[in-house]
Structure formats: C-alpha cells, structure tokens
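What follows is each chain in one-letter form.
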Amino acid sequence: MRALIQRVSQAQVSIDGEVSAQIKQGLLIFLGVGSQDSLQEAEKLWSKISKLRIFEDENGKTNLAASDVASLEMLVVSQFTLYASMKKGNRPSFTNAAPPELARNLYEAFVDKVKADFPSVQTGSFGAYMQVELVNDGPFTIWLDTDEL
C-alpha cells in the first residue's frame, strides 16, 4: 500500500463540477492499493501516518503528530496511479495496482481506521474521475510505501 501525504491548509475534491468533499487544515492522503496488499498493510500504513510528527509545536519545530493538533481534518482519496510503473516505454503500466474490488475494500478499511481516530474525515469517490485542489502547507509532502516500512 502506498500513500502520498500532504499537509494542507485546505483541500477539496470535485466530481462533475460539484464539490463532493472539502477540508481545511489537515492531511490530504492519496492512497494506492497494490495487488498483494491486505488489511495488515492498511493497519501498518495508518499507524505510521497517524504518528508522523509533521506539525509544528509552539517553537516552530515539527514535533507534533496529527493526534496532537486539535481540529485537524483528513481527506483520503483513492489513487491507483501511485502504482504506475515506467520500466518500459512511456506509457504507465498499472499491473501492480490491486483489482477494483480488492482496492475498494482496502481503501474503505483504511478510511474506517482514519475515522476511528479523527472526527472529521472526508473522502473522494472510489473509481470516479475527480478534480483535487489543494493548498500544500509548507510545502510538506511525504511518500510512504508499506514495502519500505
């Protein structure tokens, strides 16, 4: 399982020109599910993300995890393209991405884990064509792959 995590001051997802999800300060998590992933990877990934010390304390140091900051919001967006392979040619291959049914189940399981820890969680729409707008705060962007944790 892979995640591209961005600390944002705001983010939103639109589908067909309509805003379907919107957050203010918090984390935008683009989530990719691999064909070999299971609930274990979802648990491992959320555990790591929830403990990332990427928010500033009173001294301006990034010593605070999301759970240490009041009123943070989360936006989780499914993004199979995180499994793009460019080993051959110029067209991305997505053969390592999970098939839709597995990906949906693990995406929803991941979202459930986030919701268990945070009161304000928004999501994209699995499988939909979406426009994602964000204001990266920092900028602060982290890449995580459960194969490397």
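In what follows, the accompanying structure is described. (Residues numbered from 1 in each chain as written. Predicted model: local features only at pLDDT ≥ 70, side-chain atom pairs only at ≥ 80, totals over all residues. Heavy atoms only, no water.)

**Looking at the environment of A84**
Here is step 1 of the chain: Mapped onto the elements of the fold, A84 is located in the loop between β6 (73–78) and α2 (100–117).
Here is step 2 of the chain: Looking at A84, the relative accessible area reads 33%, which means it is partly exposed.
Here is step 3 of the chain: Taking the C-alpha atoms as reference points, A84 and M130, separated by 46 residues in sequence, lie 18 Å from one another.
Here is step 4 of the chain: With residues up to four places along the chain from it excluded, the contact list for A84 reads P92, S93 and F94. (Helix = DSSP H or I, 4+ residues; strand = E, 2+ residues; numbered from the N terminus. Buried < 20%, exposed > 50% of the residue type's maximum accessible area, 1.4 Å probe, protein only. Contact = heavy atoms within 4.5 Å.)

**A look at the side chain of S78**
Here is step 1 of the chain: Mapping S78 onto the fold places it in strand β6.
Here is step 2 of the chain: Excluding its chain neighbours within four sequence positions, the residues that come into contact with S78 are L31, Y107, F126 and M130.

**So, the side chain of R2**
Here is step 1 of the chain: Among the structural elements, R2 can be located in strand β1 (residues 2–15).
Here is step 2 of the chain: Of note is the side chain of R2, whose polar atom sits 2.9 Å from the backbone oxygen of L82.
Here is step 3 of the chain: A distance of 2.8 Å separates the side chain of R2 from the side chain of D145, its partner in a polar contact.
Here is step 4 of the chain: Ignoring sequence-local partners within four residues, the contact set of R2 consists of F30, L31, G32, L45, L82, Y83, W143, L144 and D145. (Polar contact = N/O pair within 3.5 Å; in protein donor to acceptor, adjacent residues only side chain to side chain.)

**Looking at the packing of aromatic side chains**
The description of an aromatic ring pair rests on the distance of the ring centres and on the angle between the ring planes.
Here is step 1 of the chain: In the structure shown here, the tally under the stated rule is 4 aromatic pairs.
Here is step 2 of the chain: For the pair Y107 and F126, a centre-to-centre distance of 5.8 Å together with 45° between the ring planes defines the contact as tilted. Of this pair, Y107 sits in helix α2 while F126 sits in the loop between β7 (121–123) and β8 (131–145), placing them 19 residues apart in sequence.
Here is step 3 of the chain: Using a relative accessible area of 18% as the deciding quantity, one classes F126 as buried.
Here is step 4 of the chain: Counting every residue linked through ring pairs, the aromatic cluster contains W46, F110 and F118.
Here is step 5 of the chain: The ring of Y83 carries R2 above its face, with NZ or CZ at 4.1 Å from the centroid. (Phe/Tyr/Trp six-rings, centres within 6.5 Å; stacked < 30°, edge-to-face > 60°. Lys NZ or Arg CZ within 6 Å of the ring centre and 35° of its normal.)

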